[in-house]
Amino acid sequence: MERWVKIRAICWAAAVLALALGLVSPSSAQEISEAASVRGHFAYGDGVWRADDFGWFYYDLDEDLGGEMLQIDLDGRTAEKGHMAYSSKVWKEQFEYRPWGSFQRVAFFGKPYFAGYPESSFTEEVSSLEKGELREVLMDDDITQTLGLNKTLTLQQGYVLVAQEISEKKGKVNFLLFKDGLPVNSSVVSIGESYVYKIDDLPVILVHLTNAMLGTGEGLAEVEGVFQISDEPNIRLFEGAMIGEMKIIDYSQSVIEIESSISINLRRDSTINLAPGLDLVVLDSQDLVYYPQGWIYDYGLHDIRGPTFSSISSIPVSMGQYNSSVIARWNAENYSGFYFDPDDFIGGETLVIYSAEDRRVVPPRNPIVFPENKTAFQTGLQYTSFLQPKKFEYEPWGYYFIMSLFGYPWFAGYDSSLQGSNSSKSLLENEYLGQILRDTELQGYISAGNYSLEEGYEMRIRDVSNDSLFLQLLKEGIQVDGSVVESNATYVYKKDIENLKDIPIIMIHFGNIFNNGSERFAAINGIFQISDTVFPMEFGSGFGEMQVVDVNPEGVILVNDDSISLNSNSRVNIGPGMDIRVADNDTLRYYLYTQKYVVPAPEPPLISSQKNVLPSQS
């Protein structure tokens, strides 16, 4: 019985390992995930994140609106009770149908909600937030539509508005509102006025009547503005309610205030869940380094944005021994679109804009230097990425070198002259980069058989003896290598790539190999594979609006080779996966973003469910 259990366990491990060997490389798959994450900027002590610099918080770039803020005050690595504070302030937002004026809005953990109405022609001042009720804005438009005998106005949540009777002479329309096929309200509205449907004195549907006329055989009603909010609260707030590690302290018609309910230690190499969809990530570093990370579960294509900059932004930088400044800077510490590995603290990309003249980023010119005050002035856009060492997932192998480029890690070589070594196995120093297909640490066993690798490679295990095995490597069904591999050894397949000789493209480490006559298995610990094709990274190569101007052992530099216009209400592609969104406003305001396509798993942990916010039992 014990022998059967052992065999079954080994076979199960072999099946799992075989599945792992056949996985598709993430870098070659389409950018689709069950959830998208957004990092806030790094903090090294006390931290503050606001809507315009933390891409998970709701932010209206055009109007510069968004009231969320997360503030953390620390004593060493500990935030005492109440010293992690989330707040969200109410702001006024104009209806799309401008004659209505404005309504009140508030964001709650990354999503905007209706908060209330100021006093107006169609309602008294009323605050939904003050009652602890957050509702979604379902419709807000100023599109002109015509209603008649055969044309109704379809709204959200099963509502339909019908122009039942139209009097052109009196300039009035009798509207009838249905929900799920049943009448719920009727009202006579004059031209120039608005149909208003209220629930508990709160207007949830507004429709503005622009004109009424008699057509051939029927009357017609013309409506222009439509506004609708949820007829039931999407979230109910209660003082003292717990949301993860946070407690609702207060809410009013102007603000929501939430604080940590316990003392929280920012322990090294940890993730702390503050609230549904919001974590704090603490890096594995002797010095404190941490950042908030928000999760997006909603289906669709989402902008993953970095911090916002404006025409008056100024960030100090240095140019050698001279002081200078840039008007915008995104890097792995503040922008989720750039690659960052929290385990190895790797992320070498930076994009800066030195200046914008009349919304134009002109190509770089020779810096203007002012020796008397040791300052320098530069123009243009500059993207840089630096070479960095990365540990193999199977750590006994040591490390290799990568360079992150346009949000992805790329293989740069097994060595570098930066380390004082002979760089014969460096791709970057020969102006190439390669694709990392597999870097995996494994714990399991394989038996004799065939196992798939990437790019058409296949590993065949043959003749497993007591302490060795015979391995055949095939590419597209043709054998390219055969080797005897002993226990606790690494199989390496080398190939000439371009002008580089004997580059290891596949490495597999085998542990114990055994054969007792009836059972033949080999332990496998690690797999590393890079693509057997590379792409050139050489001077003059173009990527979107940028061109490579320097390739050296430290990394690469790209700049814009032509003027880039940051026109109002535009989206400007800079390079692969890098776009700038410019506000529809007279004031220059913009952010860098990439896009992620989210296809959520069933029943993701959305905060918009009422069951997430309940009265405290204490």
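Student: How would you sum up the pattern of salt bridges? Please name residues and give values.
Tutor: If you walk through the whole model with that rule in mind, you get 17 salt bridges. Asp 231 is the partner of Lys 179 in a salt bridge, and the nearest nitrogen-oxygen pair spans 2.7 Å. In this pair, Lys 179 is assigned in strand 16 (residues 172-179) and Asp 231 in the loop between strand 20 (219-229) and strand 21 (235-236), connecting sequence segments 52 residues apart. For Lys 179, a relative accessible area of 23% translates into the label partly exposed. Sharing partners across several salt bridges, the network here consists of Glu 133, Arg 135, Glu 232 and Arg 236.

Student: Describe a negative patch on the surface, with residues and values.
Tutor: A cluster of like negative charges, contributed by Glu 119, Glu 124, Glu 125, Glu 130, Asp 200 and Asp 201, occupies part of the molecular surface. Mapped onto the secondary structure, Glu 119 falls in the loop between strand 9 (111-117) and strand 10 (126-127).

Student: Give me the confidence of the model for the chain: which residues, what numbers.
Tutor: Residue-level pLDDT values for the chain average 89, and 91% of them are 70 or greater. In the model, residues 1-30 has pLDDT below 50 throughout and makes 33 contacts with residues more than four positions away in sequence or in other chains. Scored below 50 in pLDDT, residues 606-618 makes 33 contacts in the model with residues more than four places away or belonging to other chains.

Student: Talk me through the packing of aromatic side chains; I want residue IDs and the actual numbers.
Tutor: Following the criterion strictly, the structure yields 47 aromatic pairs and no others. Each ring, one from Phe 42 and one from Phe 340, has its centre 5.2 Å from the other, and the planes form 70 degrees; the classification is edge-to-face. Of this pair, Phe 42 sits in the loop between strand 2 (36-39) and strand 3 (47-50) while Phe 340 sits in the loop between strand 32 (328-331) and strand 33 (349-353); the two residues are 298 residues apart in sequence, bridging distant segments of the chain. The same class applies to Phe 42 as to Phe 340, namely buried. Taking the centre distance of 6.0 Å and the plane angle of 55 degrees together, the rings of Tyr 159 and Tyr 197 count as tilted. Taken together, the residues span a long stretch of sequence, with Tyr 159 in strand 15 (residues 159-167) and Tyr 197 in strand 18 (residues 194-199) at a distance of 38 residues. Tyr 159 gets classed as buried once you look at its relative accessible area, which sits at 3%. Residue Tyr 197 is classed as buried on the basis of its relative accessible area, which comes to 11%. One aromatic cluster in this structure is built from Phe 95, Tyr 97, Trp 100, Phe 103, Phe 114, Tyr 117, Phe 122 and Phe 227. Stacked on the ring of Tyr 591, the Lys or Arg Arg 305 has its end atom at 5.8 Å from the ring centre.

Parameters and conventions
Residues numbered from 1 in each chain as written. Predicted model: local features only at pLDDT ≥ 70, side-chain atom pairs only at ≥ 80, totals over all residues. Heavy atoms only, no water. Salt bridge = Lys/Arg side-chain N within 4 Å of Asp/Glu carboxyl O. Helix = DSSP H or I, 4+ residues; strand = E, 2+ residues; numbered from the N terminus. Buried < 20%, exposed > 50% of the residue type's maximum accessible area, 1.4 Å probe, protein only. Patch = residues over 30% accessible without salt bridge, like charges linked within 9 Å, V, L, I, M, F, W, Y side chains within 5 Å. Areas by Shrake-Rupley, 256 points an atom, 1.4 Å probe, with all protein chains shown as cover. Lys, Arg positive; Asp, Glu negative; His and termini not counted. Charge placed at Lys NZ, Arg CZ, Asp CG, Glu CD. pLDDT = per-residue confidence, 0-100. Contact = heavy atoms within 4.5 Å. Phe/Tyr/Trp six-rings, centres within 6.5 Å; stacked < 30°, edge-to-face > 60°. Lys NZ or Arg CZ within 6 Å of the ring centre and 35° of its normal.

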